[in-house]
Structures are given as C-alpha cells and as structure tokens.
Amino acid sequence: GGDGQASPTLGGLLGLSNARLGSVKTRFEGLCLLSLLVSGSSTETFGQNCLAWLRSLQHLIQSQDPPPTMELAVLVLRDLLEYSCQLPELARDIGTNHIPGLLTSLLALKPECQVSALEGSKACMLFYPRACGSLRGKLATFFLAHVDAETPHLQQLACDCYALLPSLGAGFAQGLKYTECWEQQVHCLLATLHSLLGTLYEGAETEPLQYEGPGMEIPLPAPEEGQTNFLLHLKLRFAGLARCLCKMLSNEFPAPVTVPVHDILGLICRTLNISSKNIGWFGDGPLRLLFLPSIHLEILDLLSALILACGPRLVRFGGILCRLFPQVLTTWSTGRDLLLPGHERPYSAVRTRLYQIVDLWVQVAGAASGILQGHRPHSEALLGHLIADISPLTETLKLREGCSSSDGKPSASKRPRLSDLGSSGSSVHRKHDPGANSDVCLAALRGLSRTVLLSGSLLKEQAHKRLQELVTPLLIGLSQAEPLPGSPYSRASCRRELYRLLLALVLAPAPSCPPPLHCALQLLSHGRTDANLQVSSFCTEALVVCNALLHPRVPSLQPPLAGLSGPPPVSSEISPAVASPFRPTPPLPFPAARLPPPISPSAPPSVAPSANSLGLPLPSLTPGQLPPRLTPEEPTLPASPGTAEAVALAAGAKMRRPIFIHYDKEEEEDVELSLESDSDDSVVIVPKGQLGKMLNNTSAAAPAGLAPAPPAPPPLPPAAPPPIP
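Enquirer: Even after reading the chapter, I still don't get the environment of Leu154, so can you show me in this structure?
Expert: Mapped onto the elements of the fold, Leu154 is located in helix H9 (residues 152-163). Along the chain, Leu154 and Glu119 lie 35 residues apart, while their C-alpha atoms are 9.6 Å from each other. Excluding its chain neighbours within four sequence positions, the residues that come into contact with Leu154 are Gln114, Val115, Leu118, His146 and Ala149.

Right, here's the structure in full:
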C-alpha cells in the first residue's frame, strides 16, 4: 500500500519539477525540486530520469539565466554527474554523447558567470575525465586566463581546474600518457615561475638560480609594462601558478609519477633567498617589497605540499631544509622587539606558516628531520627564534632623573599635570589586541613540543636546559596569576601547548640532562585547576603519565616466549633470573631458550652446568640460547612439572624464593635485596662489603653429598641457610 501511494507522489513531483523548469519565472523553484529529486530518488528512478534531467540542465545553461540561477544549476549538475558515474551503462552514454556539449556550453557562459563555468568544468573533469580529453586545449586556455584573477575564489577555482588537466583523456597502457602529461606540465610551471620571479624582482637577486630543466614557458598573455598594475599582474600570476603546482602535488593521480624534487627545491630556495636588504626604495621598490611576504607565503605552501607528497623520502634533503628555516625567520624578524605587549608583531603570518611547516617536517621525518640537532649555527638560530616567539612580550620602565632647581634648594611639591597622569596611567589602561601574537606562539609551541618528543635524546644538553628554564617560570607565573592582557597565554590553546612542551621535556630528556619530573608534577597539579576544560583535562592526563613514570605500580607485561610449546613452568622450576619480571625480554626473532634434559648424578662435574651460590645462571651462552641456525638438531624433552619440587621437598629443603636486586638504595653504600616481591615488607638492607661474605658463607654451608643440580630447576638451597647479617 505504501509503494502504491509513493509512486503517484513521485510522479507528481517529477511533473511539477519539469513544469517549473520550463518557465523562466519559476525556473529557480524547479531547480530546487530537481535538487531534491537527484539526491533523494532511488537508483531505478534516477536511472530512468537522469538523461532527461541532464538535457534540462544543459538547456538551462545555454539560456544565460541570472547568476544565482546558474550557480544553483551547476550545483545540481555536480550531484547528477557524481551519482551517474556510479552506474556503468549510464556513465558510458553520458560520457560519449553529453559531456563534450556540456563543456562547450559552460565555456561559453557570460563573464559574470565565470565561477559557475569553472565549477561545472571541474565537476565534469572530476567524474568524467576520459570524456574531457578532446577539449584539453580549450580548457587549458580558459583556465590560464583566470589564473591571475583578482577574486581569490575565482583564482583558486582556476588553479584547481588547471591541476586536473593531466588526468584527462585516455591514459594508454599503464597510464603512461598520464605520467608524461603530468611531468611535462610540472616542468612547464617551473620554467614559467622562474621567469616570472626574475621579472618581478629583477636586480634584487645577487646570484639568481636559473632553471635548467626540460620545461618550456607557458604561453601567457604578456601584460603591458606601461600599466600601473603591471607588477600586480605579475604577482597574481606567480601566486596562481604556484597554487597550480601545489594542487598537482597534493591531488591523487591515477598513475605513478616522478616528482622533480631538485627543481622544485631550487625554485623554493631562489624565492626565499630574496630579502628586503637588496630591494631599493626608489621607483617600484616599495611595491615589490610590499608583495614579498605574500610571495614567500605562496612558496612556503609549495614546500608544504612537497613534504606531504614525498614524505620521508625527503630526508636526504634535510640539511637544506634545516638551513632554510632559520634563514626565513631571520629575514622576517626586523622590528619585532620594538612593540609593547598587546600589539601584533610584524610578519607574524610568514613566521606562523614556517613554524607549521617545521611541525609538519618533524611529523613526517621524525628523529631524522635534523631539527635542533647538533652544534651547528642554524640549529642555534632556529632555537633562538622559537624561544623569542614563545616568550611573551614584557614592558620595560625607563627611569628618568627629575629636573632639580637651579639653586639646589628643594622645591615644593607640584600638582601633577593631566599629561603626566595620562603618560603614567597608560601602562595600566592601554588599547590592546586580546589575541596578539597567539597564532605564532601556538605554531612555535607545537613545532617545538613535537621536535622534543620525537628527537629529544638527540638534542644537545644546552637546548634542554634553555627550554626548561623558559617553560618552568612561565608555568609558575600562570599558576600564580592570570596572564597579562595581550599575552598569547590568555588563549587556552597556547597554555595547553605549553604544558605539552613540559610533558615532552619529561618524556624525552637528553642523556646527560635530568628531566624536570618533580617540577612537572607540581605544575600539572596546578594546571588541573585551569578555567578552560581543554587545558585542565590535558593536565590531568599528563599527570597520570608522570605519576606512572615516578611510581610504577606493577611490572609491565612481557610477550609470551616464542619457542615454548606446552604449559609454562612454575617459578620454582626455573632460574630466578628467568622468572624475574625485571629481567629484559629476549629478542623476538630468536626462540626462547630450550631447557636441556636433566643430567644424571653419574655425569662428570665438567659436564654439569655451572651456577653460582645464589642460583643465578652464569651469562655463558648455552646451546639453547643460540640462534635457530646454530642450535643442534637433537630433540630435547623438557623436565616434567613438579619433579624437582618433589625431590627437594623429600630431601627436607626449603623452596628457594625469587630474589630481586634493586638499585635504588636508601643509603649510598647499601645494596637492597627483596624477596618474593618489591614491596617494603620484604626488603633486606645489606651494608657495603657484606654481600660477598654472605655469598661465600652460603656456598660453604651447602651439603657436599648433593648431586649437581640440573639447569632447569635451580640449585637447591641448604636446609638451614645461615641468617643474613
């Protein structure tokens, strides 16, 4: 009954949508109904009406309706193409008979509908790339004409579309055509970017790096040099083509390609080597200098895309990156120490983007990134920049000597003037930006905490000390009072990352520098009372980690031994060194040591395995500890459980309890022994020099008539061991 009622309702909606689409006045309403039908209809209904809907949309695009109607039509077209490409027979029909005509209609839209034209073309290339190959040339010309558009959204759409051109058409065998087109387009973009950079900053480069790759410059309409916006066109064109290259590196491609890392890094280094020192202040110099931060931002985005595309394979270029990071920070560090708290430092956008790339590089390469490692000058410079951007600005008070009277006599007190009151009260009540410098501080903290966490043991001791001396006073100040107005730590995310840096210093200390564990416990305890939930919850979690380091509750679990088949032996049958949970686990590639068969009492003493008076096996390599390829092939049978225990009990001897030797001494000259567990109720403190005497007495008091003990059960203790002094 429900299906019978749904069919007339669906038919009524289809008829109503077609009727509304046929009239110019109600076309927008018809598109709204069509959008619901395309997304909510069943597969059968969609397959039956898809071609009719597509023809209606193509007719609407050719009718040159107002821009709002065209934008909605393109959105419906995108959904229709996305769903139709999932049905093979329908996709074959649309790709052969409709996509070329639809693209031609989109390229012919009027100028005010260029965004809709780019959106529709992008949808066709995404879902029907093979059918768009015949119009590759026209599409490239159309996209390049909007690469230098002044509207950011239009420019970004043109860049996205241009990056999809190599995937159009047939890829031939194993996608060789795709690979050739992709590499050719990348080299052409590199050649064009080098040419644009040389024109834009002519005379500002001391030793410009020339492009020597196989690419040719892209034929672009040359702007007239007499125009006032000539440099603006060059800047927009450079930014647009750089974004095209970024999209090509970040998009998924249907065939394997070879990324020209040397050529891309050459363009990045050439661009970042341009600084304000070599740009004059006459003519077009100020305008070129004004464009330089945005040019560097575009190139840093390209570097980020290259790191994401190549991943750890860029490690061999890590030295270049480690020298490049502090160089860029030094270029954009002028005038940063002349501001008061609550004011944004200049060039913070460039520095923030660079710190984000440092964080990305450490995340990708880990300890092999080389960041802050070694005693090289660039590591010192980078650490100095990080500390400067993490430290909040402080206000300094200058004391001036008051003017005395000419005769040297003390003058009467004067009433303060209004100007004096205003100048003295300006330090308390001042206009400030609440979020000043918080972005660059947050990016620097994230990059630094990840660097310390992943490669803290490779950092030099002096770097750890400087960071501890920076982080600890800052957190003490935050726990005692609210951050000052205009401080970056008034933002909750900056405080959380500062606590994260403290946790990284605890978890990954330098080999010769003790971690600030006890300080971290107190600071994290104060951090749990932070007003922000994210900060307090992170401090709670970090406090659990630090407490686990300081007071481990139980020994950690060990993986099961790989070579043993059958039930594990009881602790009384194996050596205490094997049964101890504090003994390091044997390497997993080698099987566990197989227990040799018991040795008969008639065996000569030279054959019996040696053991010391405490029952601990000597560190000599037995056949059971050899690698598999060196282990003899004779089968050995494990001792049956309980046999050694029964013999020992029949002889009237006490069972030996496991002994744990701890190295955390209460006194400097004591050795701590623990029986059965590591709790305080079974601790015996042996003074210095008495441990060896105890061992000798124990071995001397052993019965002489006992046979040598097999290695599987440890040597039996004497029936009445002498008391431990």
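Enquirer: Help me out: how do you make sense of the pattern of salt bridges in this one?
Expert: Enumeration according to the criterion identifies 20 salt bridges in this entry. When the shortest N-O distance is used, the salt bridge between Arg351 and Asp389 registers 2.8 Å. Residue Arg351 is located in helix H15 (residues 348-365), and its partner Asp389 is located in helix H16 (residues 377-390); the two are separated by 38 residues in the primary sequence. Owing to a relative accessible area of 2%, Arg351 belongs among the buried residues under this scheme. Arg496 is the partner of Glu497 in a salt bridge, and the nearest nitrogen-oxygen pair spans 3.9 Å.

Enquirer: Hey, could you run me through the environment of Leu90 in this one?
Expert: For Leu90, the position within the fold is in helix H5 (residues 88-97). Classification of Leu90 as buried rests on a relative accessible area of 11%. As for Leu90 and Gly47, which are separated by 43 residues in sequence, their C-alpha atoms are 7.2 Å apart. When neighbours within four sequence positions are excluded, Leu90 is seen to be in contact with Phe46, Gly47, Cys50, Leu51 and Ser84.

Enquirer: Explanation requested: the packing of aromatic side chains in the structure shown.
Expert: Remark: the centre distance and the inter-plane angle together describe each pair of aromatic rings, the angle taken between the planes. Following the criterion strictly, the structure yields six aromatic pairs and no others. Measuring from ring centre to ring centre gives 6.3 Å for Tyr178 and Phe253, while their planes differ by 80°; the resulting arrangement is edge-to-face. One end of the pair, Tyr178, is in helix H10 (residues 176-200); the other, Phe253, is in the loop between helix H11 (230-250) and helix H12 (261-272), and 75 residues separate them in sequence. Since its relative accessible area comes to 23%, Phe253 is described here as partly exposed.

Enquirer: Any chance you could explain unusual backbone geometry here in plain terms?
Expert: Unusually for a residue other than glycine, Tyr347 sits at a positive phi of about 60°. A positive phi angle is found at Asn437, which is not glycine, with a value near 60°. Mapped onto the elements of the fold, Asn437 is located in the loop between helix H17 (418-425) and helix H18 (438-455). The exposure class of Asn437 is buried, given its relative accessible area of 7%.

Enquirer: Explain helix H4 (residues 67-84) to me, please; I cannot follow it from the model alone.
Expert: Given 3.6 residues per helical turn, the α-helix brings residues three or four places apart onto the same face. Taking 1.5 Å of rise per residue, 18 residues should cover 26 Å, and H4 covers 25 Å from first to last C-alpha, within 8% of that figure. Taken together, the buried positions of H4 are Thr69, Met70, Leu72, Ala73, Val74, Val76, Leu77, Leu80, Leu81 and Ser84.

Enquirer: Mind showing me how you'd approach the side chain of Glu497 here?
Expert: In this structure, Glu497 sits in helix H20 (residues 492-507). Overall, Glu497 belongs to the buried group, its relative accessible area being 4%. Polar side-chain contacts of Glu497 include one of 3.2 Å to the side chain of Arg500. Apart from residues no more than four positions distant in its own chain, Glu497 is found in contact with Leu442, Leu445, Arg446 and Ser449.

Definitions and cut-offs
- Residues numbered from 1 in each chain as written.
- Predicted model: local features only at pLDDT ≥ 70, side-chain atom pairs only at ≥ 80, totals over all residues.
- Heavy atoms only, no water.
- Helix = DSSP H or I, 4+ residues; strand = E, 2+ residues; numbered from the N terminus.
- Contact = heavy atoms within 4.5 Å.
- Salt bridge = Lys/Arg side-chain N within 4 Å of Asp/Glu carboxyl O.
- Buried < 20%, exposed > 50% of the residue type's maximum accessible area, 1.4 Å probe, protein only.
- Phe/Tyr/Trp six-rings, centres within 6.5 Å; stacked < 30°, edge-to-face > 60°.
- Expected span 1.5 Å × (residues − 1).
- Polar contact = N/O pair within 3.5 Å; in protein donor to acceptor, adjacent residues only side chain to side chain.

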